[in-house]
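Close look at the chain arrangement
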Amino acid sequence: METESEPYVRLATLRQLHQVVAELNTARSLADTLQTVADGAVNGLGYELSAVNLVRPDGDLVVAAVAGSAGAEALMAGRVGSRSSWDRRLSMGERWGDLCFIPYTEGWVLDDDDVPQWHTAGPAPRFPDEWHPMDRLFAPMYTAGNGGGELLGVISVDRPRNGRRPGAWGQEALQMYAFQSAIAISNARLRANMQRALVRLEREQQALRASEESFRQAFEYAPSGMAVAEMGGDQHGRLLRTNDALCRLLGRTASGLRRYSFSDLVHPEDIGTLLRTSAEGGRAELRLARRDGTYVWVSLRNSVVADTADGPRYLLTHVEDIEERKRHELQLAHRASHDSLTGLPNSAELRARLGARLCSRPAGSLADAYASSGGADPRDPHGFRPDGNEPFDGVDGFEGKAPVPFDHHVHLVAPADGPADDGSKGLAVLFCDLDGFKSINDRFGHNTGDAVLIEVARRLTSGVRDGDTVARLGGDEFVVLADGLGTADAQDLAVRLRNAIIPPIRVEGRAVRVGASFGIGWASCGMTAEEVLESADQRMYVEKRSRSKANRRAAG
């Protein structure tokens, strides 16, 4: 039967519980919350001593806060009890709802475990509900409440101020307090985690801003050109951002460059090089157009950068001016392939150009191949002409016949040899030897001889077409390669060049004159470059002997 004072006890207990729970929500940090939990058990629930044991990430429990005794706090705070020892304690004794009460008659077995504790010996209780100094009362805190979630921690209390074990209302109040404390601790942890996350995010943003600023400064103030371009999509390769060095290199404004991609600026002969350059780690040397229409040699180095972890990717291109190096390389290559005196292609370059037009298969073998494939007319529109201009496709009456394999090489065939011109065209090789040059060189010296060679080279170059080659073999010998000529055309060209050489050449105030003998040979597949030159050389000597001595004598 309920006593007269019991309702007042309940009301007082609820008031105290409400007050200490309200204080839980005023704590600013996790440490403050834990200490408030310990203080609340002492100040609001009527215990002389309390401790908050918090589960660590490794599962063990650490004494995070102590209230009611400075000595107990000095002894217990910060010490750790193993999870296994705590599981043993919470499985012993009497269950008061979620609470665990271990009377002194059973708790002696816990005196030597590793859980931090503060207990003193005392006499046996004088009445059944008297609190003994070795009694233990634990209030577990769970993440979901009512023992349904993970263990968050344990509130341990000792020495009720009334000297009695808590009754039903006292037990209920401690259990409710543990439930509210678990909520407060979880919220404090959440706030702490959010604060740490915010601090970490701010640091990351600061680092990102610093990184972006470093990149901006490195990009903007780099001594060589830098560009950022779109990667993928319809606007692939379009320039999004360029630095001052690239703008100066190309003579264009940054806003103007944003209308272009590198493929719009590259030299037409270098577009293939650009397209073959890989995006990741690709390198290329090519020419880019300046605003004034000229081209500059540059070295491109590509790398791929991402805006964010899953954001769009961009192409970062480093553009280095290599104009001077390329000019030096071209000069070296020119020196290796051209005569230092006249600037004409030298003997090696002449043989390289001539050899590039020749192949090892004689032109006559083509007609033989057609004959063996069924007697196709080599001049048929669908046949492979002996000059190599049209491929045989094996159709229109040639079904079942073995086709001649397609050959991209344009085969050279010499025009028919004879006085009559049959209209066929070929690659004429005009071998030129100066008449009377040795006497000029011996009489007036090498300087005069060099001046004569330079002027002859100029006259020969002026007398041929743009696509023809004038080369100096050495000494006073020159060779002209002229493609697409017939027999009469080659003879006319030799006459024009001879007439261009004959007029006097003024050197150091005196006029000297040289003549020229030309031999006309024809390049034909199946011959080597040496054989072609030797044939033209022989014909030159035949022509030289056939002319009268008066026509070959140089006047000086």
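Here goes a summary of the coordinates provided. For clarity, every value in this text was computed on a predicted model and none was experimentally measured.

Focus on the packing of helix H12 (residues 347-356) against helix H17 (residues 529-546)
- It is the contact of H12 with H17, at a shortest axis distance of 9 Å, that shows an interaxial angle of 110°. Taken as axis vectors, H12 and H17 run roughly perpendicular relative to one another. Taking contact as the criterion, the partners of Leu350, Arg351, Leu354 and Gly355 in H12 are, on H17, Ala529, Glu530, Val532 and Leu533.

Description of the packing of helix H15 (residues 446-462) against helix H16 (residues 487-501)
- Packing of H15 against H16 brings their axes to within 9 Å, and their N-to-C directions diverge by 145°. The handedness of the crossing between H15 and H16 comes out as right-handed. Judged by residue contacts, Val456, Arg459 and Leu460 of H15 engage Leu497, Ala500 and Ile501 from H16.
- Along the lines of polarity and charge, the residues of the contact of H15 with H16 split into 5 nonpolar, no polar and 1 charged.

What about the packing of aromatic side chains?
- Inspection of every chain in the model, using the stated rule, returns 4 aromatic pairs.
- For the ring pair tryptophan 86 and phenylalanine 138, a centre distance of 5.3 Å and an interplane angle of 75° mean the geometry is edge-to-face. You can see tryptophan 86 sitting in helix H4 (residues 83-90) and its partner phenylalanine 138 sitting in strand E6 (residues 136-142), a full 52 residues away along the chain. Comparing tryptophan 86 with phenylalanine 138 shows no difference in burial state: the two are buried.
- For the cation-ring pair, arginine 89 lies above tryptophan 86, with the distance from its terminal atom to the ring centre recorded as 5.9 Å.

Observations concerning unusual backbone geometry
- Backbone geometry places arginine 159, a non-glycine residue, at a positive phi of 60°.
- Of note, arginine 159 is situated in strand E7 (residues 151-160).
- Positive phi outside glycine occurs at glutamate 508, with the angle close to 55°.
- Overall, glutamate 508 belongs to the exposed group, its relative accessible area being 62%.

How each quantity is defined
The numbering scheme is per chain: residues are counted from 1 as the chain's sequence reads. In keeping with the predicted nature of the model, local features appear solely for residues at pLDDT of at least 70, side-chain atom pairs appear and are counted solely at 80 or more, and the whole-chain, interface and lining totals rest on all residues. Side-chain metrics in this entry use all non-hydrogen atoms of the structure; hydrogen atoms and water are not considered. Note on method: axes are straight lines fitted to C-alpha atoms, helices fitted across the in-contact stretch only, with angles between N-to-C directions ranging 0 to 180 degrees. Secondary structure is summarised from DSSP: a helix means a run of H or I of at least four residues, a strand means a run of E of at least two, and numbering begins at the N terminus for each. The labels follow the angle: roughly parallel below 35 degrees, roughly antiparallel above 145, roughly perpendicular from 65 to 115, and oblique for the rest. By definition, residues are in contact when any of their heavy atoms lie within 4.5 Å. Helix crossings are classified by the rotation of the near helix relative to the far one: an anticlockwise turn of less than a right angle makes the crossing left-handed, while a clockwise turn makes it right-handed. Residue type decides the class: Asp, Glu, Lys and Arg count as charged, Ala, Val, Leu, Ile, Met, Phe, Trp, Tyr, Cys and Pro as nonpolar, and the leftover types, Gly among them, as polar. Between rings of Phe, Tyr and Trp, where Trp is taken as its six-membered ring, a pair exists when centres lie within 6.5 Å; planes separated by under 30 degrees are stacked, by over 60 edge-to-face, and by other angles tilted. Burial classes: relative accessible area under 20% of the type maximum marks a residue as buried, over 50% as exposed, and values in between as partly exposed (1.4 Å probe, protein chains only). Here, a charge over a ring is recorded when the distance from Lys NZ or Arg CZ to the ring centre is within 6 Å and its angle to the ring normal is within 35 degrees.

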